[in-house]
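# Notes for the structure review
Each chain, letter by letter, is given below.
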Amino acid sequence: MTVFTIQEVARRSGLSEPTLRYYEDVGLVGPIDRDAQSGHRRYRTADVDVLEALACLRAVGVGIGDMRTYLANRARGRAAAGEQRDLLLRHADRIEAEIAAQQVRLRYLREKAALWDARDRGDDAAEAATIERLVDVVDGLGALR
């Protein structure tokens, strides 16, 4: 049986050692086996597989509660496929909303830069057109507050 040290698992999963310990403390993984002499954690391949899945979920902003649900659904397999799909789509919707909000912020910055560019060039017509576009963008920013 292959076993891994905490350092190896950290490198492999991209999760820090404190995060690995925390995930064990809160019951997302484990209990992790310990070396009989040193007491150091020894992760099995199955532990690493779970941690790699958790690392991916963490990377997309999934919280501990939904990680628990994901793992429980994963253990249930096909019987939980619909719940698993819904959980993941809920997070996809959240990320989509975050992207839309960032696009509004980006549009504001670009339009504001265009306004100052028009002023720098002394182009009154371009400045007026930019101000009109900015009014729409500012309305979008208001919805983000």
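Residues numbered from 1 in each chain as written. Predicted model: local features only at pLDDT ≥ 70, side-chain atom pairs only at ≥ 80, totals over all residues. Heavy atoms only, no water.

## A look at the side chain of T130
Structurally, T130 is set in helix α6 (residues 124-144). The residues touching T130, leaving out its near neighbours within four places in the chain, are E111, A114 and L115. (Helix = DSSP H or I, 4+ residues; strand = E, 2+ residues; numbered from the N terminus. Contact = heavy atoms within 4.5 Å.)

## Overview of the packing of aromatic side chains
Aromatic rings considered in pairs are described by the distance between their centres and by the relative angle of their planes. Under the criterion given, the structure shown has one aromatic pair. Ring centres 6.2 Å apart and planes at 50 degrees place the aromatic pair Y22 and Y23 in the tilted group. Residue class for Y22 comes out partly exposed when judged on its relative accessible area of 43%. Overall, the relative accessible area of 3% leaves Y23 in the buried class. (Phe/Tyr/Trp six-rings, centres within 6.5 Å; stacked < 30°, edge-to-face > 60°. Buried < 20%, exposed > 50% of the residue type's maximum accessible area, 1.4 Å probe, protein only.)

## Let's talk about the packing of helix α2 (residues 17-25) against helix α3 (residues 45-59)
Where α2 meets α3, the closest approach of the two axes is 12 Å, and the angle between their N-to-C directions is 105 degrees. By the angle class used here, α2 and α3 are roughly perpendicular. Together, T19, L20 and Y23 of α2 and L51, L54 and R58 of α3 make up the contact between the two elements. Here the contact of α2 with α3 is composed, by residue class, of four nonpolar, one polar and one charged. (Axes fitted to C-alpha atoms, helices over the stretch in contact; angles between N-to-C directions. Parallel < 35°, antiparallel > 145°, perpendicular 65-115°, else oblique. Nonpolar A, V, L, I, M, F, W, Y, C, P; charged D, E, K, R; others polar.)

Shape is all these values report; function is a separate question.
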